[in-house]
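# Architecture at a glance
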Amino acid sequence: MFPSRLYDGYKAFLDGRLCREKKRYEDLAESGQHPEIMVIGCGDSRVAPEIIFDAGPGEIFVIRNIANLVPPCEPDTQTSFHGTSAAIEFAVNALKVKHIVVLGHASCGGVAAFANQSPPLTKRDFIGKWMSQIAPVAERVGAPGADRQSWIRQLEWAVVEYSLENLMSFPTVREEVEKGALTLHGAYFGISTGLLFIRDPNTKEFVAYRDAA
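Just so you know, these numbers come straight off a predicted model, no measurement behind them.

Thresholds applied
Along each chain, residues carry numbers from 1 onward, in the same order as the chain's sequence is written. Only residues with pLDDT of 70 or above have their local features reported here, since the model is predicted, and side-chain atom pairs are shown and tallied only from 80 upward, although totals for entire chains, interfaces and linings are computed over all residues. Only heavy atoms go into the side-chain values, all of them from the structure, while hydrogens and water stay out. Axis definition: a line fit to C-alpha positions, over the contact stretch in the case of helices; interaxial angles, taken between N-to-C directions, run 0 to 180 degrees. The numbering of helices and of strands both runs from the N terminus, where a helix is a DSSP run of H or I of at least 4 residues and a strand a run of E of at least 2. An angle below 35 degrees is read as roughly parallel, one above 145 as roughly antiparallel, one from 65 to 115 as roughly perpendicular, and any other as oblique. The crossing is said to be left-handed when, going from far helix to near helix, the turn is anticlockwise and less than a right angle, and right-handed when the turn is clockwise. Whether two residues touch is decided by their heavy atoms; if any such pair falls within 4.5 Å, the residues are in contact. Both site types are read off a 1 Å grid over the protein atoms alone. A 1.4 Å probe that fits but cannot get out defines a cavity, while an open set with protein on both sides within 12 Å along at least five of seven lines defines a pocket; lining residues have an atom within 4 Å of a point. Grid points are joined across faces, edges and corners, and a volume is the space filled by probe spheres set on the points. Residues are grouped as follows: Ala, Val, Leu, Ile, Met, Phe, Trp, Tyr, Cys and Pro are nonpolar; Asp, Glu, Lys and Arg are charged; all remaining types, including Gly, are polar. Without a salt bridge and with relative accessible area above 30%, a residue can belong to a patch; like charges are then joined within 9 Å and nonpolar side chains (Val, Leu, Ile, Met, Phe, Trp, Tyr) within 5 Å. Using the Shrake-Rupley algorithm and a 1.4 Å probe, accessible areas are obtained, with residue cover drawn only from the displayed protein chains. By salt bridge we mean one thing: a side-chain nitrogen of Lys or Arg within 4 Å of a carboxyl oxygen of Asp or Glu. We call a residue buried when its accessible area falls under 20% of the maximum for its residue type, exposed when it is over 50%, and partly exposed in between, using a 1.4 Å probe and counting protein chains only. Remark: nonpolar core denotes a set of buried residues (Ala, Val, Leu, Ile, Met, Phe, Trp, Tyr, Cys) joined through side-chain atoms within 4.5 Å.

With that out of the way, let us pick up the packing of helix H5 (residues 83–94) against helix H10 (residues 171–178). Across the interface, H5 lies against H10 with an axial gap of 10 Å and an inter-helix angle of 40 degrees. By the angle between their axes, H5 is oblique relative to H10. Crossing handedness for the pair H5 and H10: left-handed. On H10, the residues that touch Ile 88, Val 92 and Asn 93 of H5 are Thr 172, Val 173 and Glu 176.

In structure tokens form, the structure reads like this:
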């Protein structure tokens, strides 16, 4: 059976948002999508970019994976699939987005799995292999001290920095950034507080939104 929660949610959508924004959906269907912003976020169900940024249909192009990671640009091979890389390529080359935001968050399960060296969930260990790419990031952050929670937060921020660095390994991204047509941003969402931290491109520090204005 299809989940009743989804049935109920769809009915609410039909009776609510679709009625209010029917013309908008019709226009989007006819003219296609033209978002100016791409958000690369985590698949964590508590951190939905459309909700955090109060975005309507067609406003932001979102790709989500475990721990909001952007892998480095790699040559195509017959044995590899690059979902996140394909989304970046589409957003930059086809949609011509003007901004890419890497959105990290507190209590990230992927980062915790790496930090705690959690046992594999399957023999294939997809999560472990995916998260292993941040090993050099953890080395850069350093060993955990007495305040382990602070260390985890530093690691979560460093993953955002890592993803921003890897975005620049994509030739088209670098080209668009260098000519001023594309800007890269880092952000971090606190689940329990609802507070958004925005990365300062000059200091590379994450500043709470309420203090950034």
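And the narrative resumes.
Moving on, we get to the layout of surface pockets. One number sums up the size of the largest pocket: a volume of about 330 Å³. Looking at the largest pocket, it is lined by 17 residues, and the ones nearest its centre are Ala 106, Ser 107, Gln 149, Glu 156 and Tyr 188. The biggest single contributor to the lining of the largest pocket is helix H9 (residues 148–167), with 5 residues. Class assignment for the residues of the lining of the largest pocket results in 7 nonpolar, 6 polar and 4 charged.

Take a nonpolar patch on the surface next. Taken together, Phe 2, Leu 6 and Tyr 7 make up a surface patch of nonpolar side chains, about 340 Å² in accessible area. With respect to the secondary-structure elements, Tyr 7 resides in helix H1 (residues 4–15).

Mapped onto the elements, Thr 84 comes out in helix H5. Here Thr 84 falls in the buried class, since its relative accessible area comes to 9%. Residues contacting Thr 84, with those up to four places away along its chain left out, are Ile 63, Asn 65, Leu 69, Val 70, Pro 71 and Trp 130.

A word on the nonpolar core. Among the nonpolar cores identified, the biggest contains 28 residues, and Met 38, Ile 88, Ile 100, Leu 167 and Val 173 are the most heavily contacted of them. Contributing elements (two or more residues each) for this core: strand E1 (37–42), strand E2 (60–65), H5, strand E3 (99–105), H9, strand E4 (183–189) and strand E6 (206–208). The residues contacting Ile 100, other than those within four sequence positions of it, are Met 38, Ile 40, Val 92, Leu 167, Leu 182, Thr 183, Leu 184 and His 185. Residues Cys 42, Cys 108, Val 137 and Val 159 belong to the second largest nonpolar core, which totals 16 residues.

The full count for this structure, using the stated rule, is 13 salt bridges. A salt bridge links Asp 15 to Lys 11, with the nearest nitrogen and oxygen atoms 2.8 Å apart. Here Lys 11 and Asp 15 lie together in helix H1, a separation of 4 residues that amounts to about one turn. What makes Asp 15 exposed here is its relative accessible area of 53%. In this structure, Arg 24 and Glu 21 form a salt bridge, with 3.2 Å as the shortest nitrogen-oxygen distance.

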